[in-house]
Amino acid sequence: MEMLGLYPTWLEPMLGSGWIVAVIATIHVLASHTAVGAALVFAYLSVMAYRHNRPELLQYIKQYGLFLLIFSYVIGSITGPGIWFSTTVASPRGISALIHSFVWKWATEWVFFVIEVVGVYLVIYLVGKVDQKTHMRIAISFGLASYGTMLIIIGILSFMMWPGKPEWFVEGGYLNGFYGANTFAQLALRTAFMFTMTAVVGGIVAASIKEPEFKHEMMRRLAWLGLVSTLSGAALFQWYLNTLPDYAHLVMENRLPDYFQPALLGVLSLMVAYFVWILMSPNSIVPAIASVMTVILLVFGLWPEEVARESIRKPYVVGQYIYSNQVIAHDVPSLGIKSEIPLLEEKGFLKTHIFLPDSLRTVTDDNQIQVGHALAMTACSNCHSLTSSGIRPLAKYFGGNTDTQALKTYLLGALATGNTLYMPKIPLTDAEAQALATYIASLASPASAKAAVKHAKAGE
């Protein structure tokens, strides 16, 4: 019998696999974007230092670079593999799709990354040890290599939202998948916020400068950088929104939490106020204040943005053809990929999931809840926690309903037909819908669910 290409499910009961990936990714974005922005700032400062004989600027580069080695490169080197590991176990087919489409691009990005890592060491430790022109060239090369990593990764991130051009689905082609309207808008937006992060994090180092006049100068330089990049980022965000497909706007209007827009406006206003404060009183900033602002940027700025980016591409996880629950939703002729929806409509999950125990392949009165749990793990747990905590708890979406017949009617009427915004089409057989409904009812009241099964078994 033809089987689905699904892998075993990684179930994290407290947070849910989606939040594990999101937490690691958000920390990685802060570290990596700060590193790229700082690399370009270092290149600029090194040119200024050598042209105007300003050795104190080189000293700042050295101090900020040493800080970055811990803040960005150590944290980034931990969270980077963390993203690979967590996404591989949480979304194996999604990662597989990206690797098969962009393996050489990723290899190229890693070449730039190696240059970047070597470059930051050279920039820090060769201050005063090589001639000025050589050190300046190293700093510029470091900055360009860092930005090269971002240029490459943005194309892959854009593909996750939507393949660059519609022709990719039929004709394939690396360029058709990599470059689209969203690619450059996202690059511009991330470049702006990259400099905002660089200014905020750089303030931690600048605030510790002992010499008042130099501290005054560096804090004001960072404030102007942060102010211009924050306001530019806000304007570029509108460009980015205009490149999103209509479906993404529909999801944003209906599915993003009410606090999303106020949170972004609040963080934006706070950042602008912070940079204006620095401009007016640069020497009043101490490392503790700059550190608090870094945490605020991470928690209230980056976190909502990353959550929104993940949300608006739902129900897909990659390229508009792989659902978040790893089922292939559409044909992709260019890759020879066939949709698995027809197979599910004909056979259901229980007969076609290769990693399901044989004892759960047939629904009986005695195993309904266990089968329902297995179906929830397969079809729901990538986006919905199966406990009361973590990412979008499944039970919360049914309001404590324990009426298994009503739940079954909804599953067959809305999810199985694909008529629910934001949710994937989840074809279920009648028996599978009954088992999943019983399991969902058990989340609200285990006793009621068991009683319903008992009554059904007794033919009442």
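So, here is what we can say about the structure in this document. (Residues numbered from 1 in each chain as written. Predicted model: local features only at pLDDT ≥ 70, side-chain atom pairs only at ≥ 80, totals over all residues. Heavy atoms only, no water.)

Across its full length, the protein chain carries 17 helices and 2 strands. Seen through its C-alpha atoms, the protein chain measures out along the principal axes to roughly 90 × 45 × 35 Å. Of all 460 residues assigned to the protein chain, the portion counted as buried reaches 51%. Residue pairs in contact within the protein chain that sit at least 24 positions apart in sequence constitute 73% of those at least 6 positions apart. Carbon and sulfur atoms make up 66% of the accessible area of the protein chain, which amounts to about 20,700 Å² in all. Across the protein chain, the 29 positively charged side chains and the 28 negatively charged ones have centroids separated by 7 Å. (Helix = DSSP H or I, 4+ residues; strand = E, 2+ residues; numbered from the N terminus. Buried < 20%, exposed > 50% of the residue type's maximum accessible area, 1.4 Å probe, protein only. Contact = heavy atoms within 4.5 Å. Areas by Shrake-Rupley, 256 points an atom, 1.4 Å probe, with all protein chains shown as cover. Lys, Arg positive; Asp, Glu negative; His and termini not counted. Charge placed at Lys NZ, Arg CZ, Asp CG, Glu CD.)

Together, Tyr174, Leu175, Tyr179, Phe184 and Trp239 make up an exposed nonpolar region whose accessible area comes to about 490 Å². Counting through the fold element by element, Phe184 comes out in helix H7 (residues 181-206). (Patch = residues over 30% accessible without salt bridge, like charges linked within 9 Å, V, L, I, M, F, W, Y side chains within 5 Å. Salt bridge = Lys/Arg side-chain N within 4 Å of Asp/Glu carboxyl O.)

Taking 1.5 Å of rise per residue, the 15 residues of helix H16 (residues 430-444) would be expected to cover 21 Å, and the 22 Å separating its terminal C-alpha atoms lies within 8% of that figure. A large share of H16 lies buried, amounting to 11 of its 15 residues. Residues of H16 that are buried include every one of Glu432, Ala433, Gln434, Ala435, Leu436, Ala437, Thr438, Tyr439, Ile440, Ala441 and Ser442, and no others. (Expected span 1.5 Å × (residues − 1).)

With that settled, consider the pattern of salt bridges. Counted according to the given criterion, the structure contains 8 salt bridges. Across the salt bridge formed by Glu217 and Arg221, the nearest N and O atoms sit 3.0 Å from each other. In this pair, Glu217 and Arg221 both sit in helix H8 (residues 212-242), 4 residues apart, roughly one turn of the helix. Under the relative-accessibility criterion, Glu217 is labelled partly exposed at 22%. Taking relative accessible area as the criterion, Arg221 reaches 28% and is therefore assigned partly exposed. Within this structure, Arg54, Glu56, Glu217 and Arg221 form a network of salt bridges that share partners.

This brings us to the state of the cysteines. One pass over the full model with this rule turns up 0 disulfides. This cysteine, Cys380, is not joined by any disulfide, and Cys383 carries the nearest cysteine sulfur, 9.0 Å off. Since its relative accessible area comes to 17%, Cys383 is described here as buried. (Disulfide = S-S within 2.5 Å.)

As a further point, take the side chain of Ser339. Secondary-structure assignment places Ser339 in the loop between strand E2 (322-323) and helix H12 (341-347). Within the structure, the side chain of Ser339 is placed 3.1 Å from the backbone nitrogen of Ile341, a separation counted as a polar contact. Leave out the neighbours within four places in its chain, and Ser339 touches Ile328, Ala329, His330 and Asp331. (Polar contact = N/O pair within 3.5 Å; in protein donor to acceptor, adjacent residues only side chain to side chain.)

Nothing here speaks to function; it is all geometry.
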